[in-house]
Amino acid sequence: MWRVLVSDDMRLGEVRYPGVILDYRPGIGREELLEIIPAYDALITRSRTRVDAELLQRGKRLKVVGRGGVGVDNVDLEAASRLGILVVNVPEANTRSAAELAFGLLLAAARGIALSDRKLRQGEWDRKFLGLELKGKTLGIVGLGRIGSQVARFAKGFEMRVLAYDPYIPKARAESLGVELLENLEDLLRQSHFLTVHTPLTEETRGMIGRRELYLLPRGAVVVNAARGGIIDEKALLEVLEEGHLFAVGLDVFAEEPPPKDHPLIHHPRVVHTAHLGANTLEAQERVGEAILERVVRTLEGDLSYAL
Ligand code: NAD
Ligand code: MLT
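Residues numbered from 1 in each chain as written. Chains lettered and ligands numbered in written order. Predicted model: local features only at pLDDT ≥ 70, side-chain atom pairs only at ≥ 80, totals over all residues. Heavy atoms only, no water.

Caption draft 1: Representation of the side chain of His245. Structurally, His245 is set in the loop between α10 (234–242) and β11 (246–251). His245 gets classed as buried once you look at its relative accessible area, which sits at 7%. There is a polar contact of 2.7 Å between the side chain of His245 and the backbone oxygen of Leu217. Beyond its immediate chain neighbours, meaning those up to four positions away, His245 contacts Leu214, Tyr215, Leu217, Pro218, Arg219, Gly220, Ala221 and Val240. (Helix = DSSP H or I, 4+ residues; strand = E, 2+ residues; numbered from the N terminus. Buried < 20%, exposed > 50% of the residue type's maximum accessible area, 1.4 Å probe, protein only. Polar contact = N/O pair within 3.5 Å; in protein donor to acceptor, adjacent residues only side chain to side chain. Contact = heavy atoms within 4.5 Å.)

Right under this line is the structure:
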């Protein structure tokens with residue numbers, strides 16, 4: 001029998017596998033997880049569970065870690081590989097939902113949707129706010145992978161000009177989307193009225209958009225991060241927003257999650273935020289849950305085709 005532990009919220013679907021005992025413990029605390037992990041052959045998580053070297057080492061029977069989603073920045077891949085533990089994910093299952101939320105934040109930031117909602121709840125009927133139209137504006141996308149490409153398609157539908165910076169993709173991919181692929185991040189920033197990041201969080205991308213980069217954007221730009229907290233430096237983002245260089249910001253992710261309750265970006269009137277909800281639709285979670293369980297079971301059975 002394989003014992004599989006699920007440590008985060010997940011819709012696992014109806015399919016069950018003979019020979020697999022599934023323990024669903026969403027929200028399990030760190031201490032308890034460390035205590036019980038030695039009994040499991042596989043662990044399935046989303047972004048909440050920190051799968052670090054300590055946890056992996058404690059998992060004496062652990063053979064597979066399944067990441068229900070795309071980003072594996074919460075998994076110590078180096079430690080997993082050293083310990084012979086395979087890591088699998090389902091990178092394609094939440095693309096559409098993540099792109100829709102990123103675009104939703106972009107629209108909400110441009111039109112002051114959350115700001116007006118908050119004012120109305122406080123009894124204030126304020127019609128002075130003037131938002132920004134998307135048509136004819138330039139959207140800069142950093143990271144033209146699955147989600148970035150889908151955001152580009154949406155932007156085309158809004159008649160925006162779309163630029164991208166992604167040194168790892170062929171020009172033909174950008175061309176097929178009607179996107180101009182630039183070789184230099186600075187060139188993209190100088191032209192982007194709207195900026196959205198869709199890279200993984202890596203040593204290279206952590207802090208890649210800082211104060212200097214934000215000041216390269218035209219005055220009055222809108223900035224969205226629905227990828228990972230830390231790609232855009234939060235301190236710099238707050239400063240540049242307060243100095244009046246940015247129009248508004250949309251955030252789904254934070255460097256620390258959940259963010260501290262007194263986090264100044266959360267309380268800033270020009271920031272609209274969601275609680276890392278990019279993948280949280282019924283549809284995406286059904287796809288993610290079913291696929292990750294299947295991939296973990298197949299990997300336990302010896303199929304290596306999903307291993308990262
Ligand atoms: P992807 O791998 O398809 O695309 C990432 C792209 O970033 C790739 O094309 C890659 O070449 C590019 N890239 C990497 N390093 C770069 C750099 N230094 N500069 C510019 N481009 C760079 O991944 P995806 O499915 O599009 O997901 C992107 C990220 O979005 C994930 O890694 C994850 O962190 C995040 N995400 C967040 C949510 C959410 O709930 N908010 C949901 C899904 C994914
Ligand atoms: C992901 O990387 O897939 C996202 O963070 C979404 C999630 O884990 O829910």
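Caption draft 2: Looking closely at the site of ligand 2. Close to ligand 2 lie Arg46, Ser47, Arg67, Gly69, Val70, Gly71, Asn94, Arg228, His276 and Ala279, which account for all nearby residues. Residue Arg46 places a side-chain N or O atom 2.6 Å away from an oxygen atom belonging to ligand 2. His276 has a polar side-chain atom sitting 2.7 Å from an oxygen atom of ligand 2. Within the complex, the protein chains bury 94% of what would otherwise be the 260 Å² of accessible surface of ligand 2. Tallied by class, residues from the shell around ligand 2 come to two nonpolar, five polar and three charged. (Near = heavy atom within 4 Å. Areas by Shrake-Rupley, 256 points an atom, 1.4 Å probe, with all protein chains shown as cover. Nonpolar A, V, L, I, M, F, W, Y, C, P; charged D, E, K, R; others polar.)

Caption draft 3: Broad picture of the pattern of salt bridges. Tallying each qualifying case throughout the model produces 26 salt bridges. Between Asp8 and Arg48 there is a salt bridge, and its shortest N-O distance comes to 2.6 Å. Of this pair, Asp8 sits in the loop between β1 (2–6) and β2 (20–24) while Arg48 sits in the loop between β3 (42–45) and α2 (53–58), and the two are 40 residues apart along the sequence. The salt bridge partner of Arg82 is Glu78, with a shortest N-O separation of 3.7 Å. Here Arg82 and its partner Glu78 are both found in helix α3 (residues 77–82), four residues apart, which amounts to about one turn of the helix. Owing to a relative accessible area of 54%, Glu78 belongs among the exposed residues under this scheme. Residues participating in the shared-partner salt-bridge network are Arg30, Arg50, Asp52 and Glu54. (Salt bridge = Lys/Arg side-chain N within 4 Å of Asp/Glu carboxyl O.)

Caption draft 4: Main features of the site of ligand 1. Around ligand 1, 27 residues are found, and the nearest of them are Arg146, Ile147, Asp166, Ala226 and Asp252. Within the side chain of Arg228, an N or O atom sits 3.2 Å from an oxygen atom of ligand 1. For ligand 1, an oxygen atom lies 3.4 Å from a polar atom in the side chain of His276. In the complex, the protein chains occlude 89% of the 860 Å² of accessible area that ligand 1 would expose alone. Of the residues that constitute the shell around ligand 1, the class distribution is 14 nonpolar, eight polar and five charged.

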